[in-house]
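# Residue-level structural notes
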Amino acid sequence: MERFQVLLFIFVAVITSGTSNTSIFGERCSRQDPNVDACLLRSFNTLVEYLKGGAPELGIEESDSIVIDELSIALGNGPDGYRATFKDIHASGVNNMTITNVRSDLDTHQFQLTLFGPHISTRARYRSSGVLLLVRASGGGDYWGEYDGVKAKVYFRGTPYVRNKRTYLKLQQLKLDFSVKDIQMGVENLQNSNAVLQAALNLFINTNAQELLKEMKPELKRDLASKMSHFLEQILEQIPYDDWVSD
């Protein structure tokens, strides 16, 4: 689901803020400005809007979807515990994400971004095994999810270093978390199943949507953090820190 490319867009926003092209980033922010976080918020959102159409000069292609290779959930213990694996998860609607708040500590090079997206849709293939609702639910099919009110917080910290007489940041730490206000999700086109079992599964899934999301979260957060750390490191190597924060 929320492999929000949102986050990718946001990270690019943070780093490429160094570009001197104000039509892309908006403005350079001064560390002496008492409202520097408000300046960063305006600038990041200006760049996010620009990136929605793709930015070949930054290696960013136009896209409104994110793909997560795989994640799994486990409900219950023992040989009959229910297990499900979701593959090729496509999340769309991330272009509607916006940055709603920025908190920075420029002395220690730390940044926290708060993001909001009104709606994200997901589709995936899944396979399951074990017993669910006293019925053996082994097989596979198609998964769908509709997520409303998506909120995310992204934190990262860098260490400055000098290269070719310019100051850059090296990524030291990155963390993220997210929540979803309302969820609707279900399965369809089940293999080795019937309409009664499919209806029972969908009732269980929607009744326990938040709990199922909680089960997905740890693996999903690790996947997102790993991918975005790699992405952010590449961008940080290209854009000098003293280009996007002055003084």
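Criteria and thresholds
Residues numbered from 1 in each chain as written. Predicted model: local features only at pLDDT ≥ 70, side-chain atom pairs only at ≥ 80, totals over all residues. Heavy atoms only, no water. Disulfide = S-S within 2.5 Å. Helix = DSSP H or I, 4+ residues; strand = E, 2+ residues; numbered from the N terminus. Buried < 20%, exposed > 50% of the residue type's maximum accessible area, 1.4 Å probe, protein only. Phe/Tyr/Trp six-rings, centres within 6.5 Å; stacked < 30°, edge-to-face > 60°. Lys NZ or Arg CZ within 6 Å of the ring centre and 35° of its normal.

### With respect to the state of the cysteines
Within this structure, the stated rule accounts for one disulfide. Each sulfur of the disulfide joining Cys29 and Cys39 lies 2.2 Å from the other. One disulfide, between Cys29 and Cys39, carries an S-S torsion of -90° and so falls in the left-handed class. One end of the pair, Cys29, is in strand S1 (residues 29–30); the other, Cys39, is in helix H3 (residues 36–51), and 10 residues separate them in sequence. Assigned by exposure class, Cys29 and Cys39 land together as buried.

### Re unusual backbone geometry
Unlike most non-glycine residues, Asp88 shows phi in positive territory, near 50°. Within the element layout of this structure, Asp88 appears in strand S3 (residues 82–92). Judged by its relative accessible area of 46%, Asp88 falls in the partly exposed class. Unlike most non-glycine residues, His109 shows phi in positive territory, near 60°. Take His109: it is sitting in the loop between strand S4 (98–105) and strand S5 (110–129). Look at His109 and you get buried, because its relative accessible area is 12%.

### Let's talk about the packing of aromatic side chains
Within this structure, the stated rule accounts for four aromatic pairs. With a centroid separation of 6.0 Å and an interplanar angle of 25°, the aromatic rings of Tyr161 and Tyr168 are classed as stacked. A relative accessible area of 28% places Tyr161 in the partly exposed class. According to the relative accessible area criterion, Tyr168 is buried, its value standing at 8%. Through pairs of rings, three or more aromatic residues link up here, namely Phe86, Tyr126 and Tyr143. Here Lys175 stacks its cationic end above the ring of Tyr155, 5.3 Å away from the centre of that ring. Seen from the ring of Phe178, Lys217 lies directly overhead, with NZ or CZ sitting 5.0 Å from the centre.

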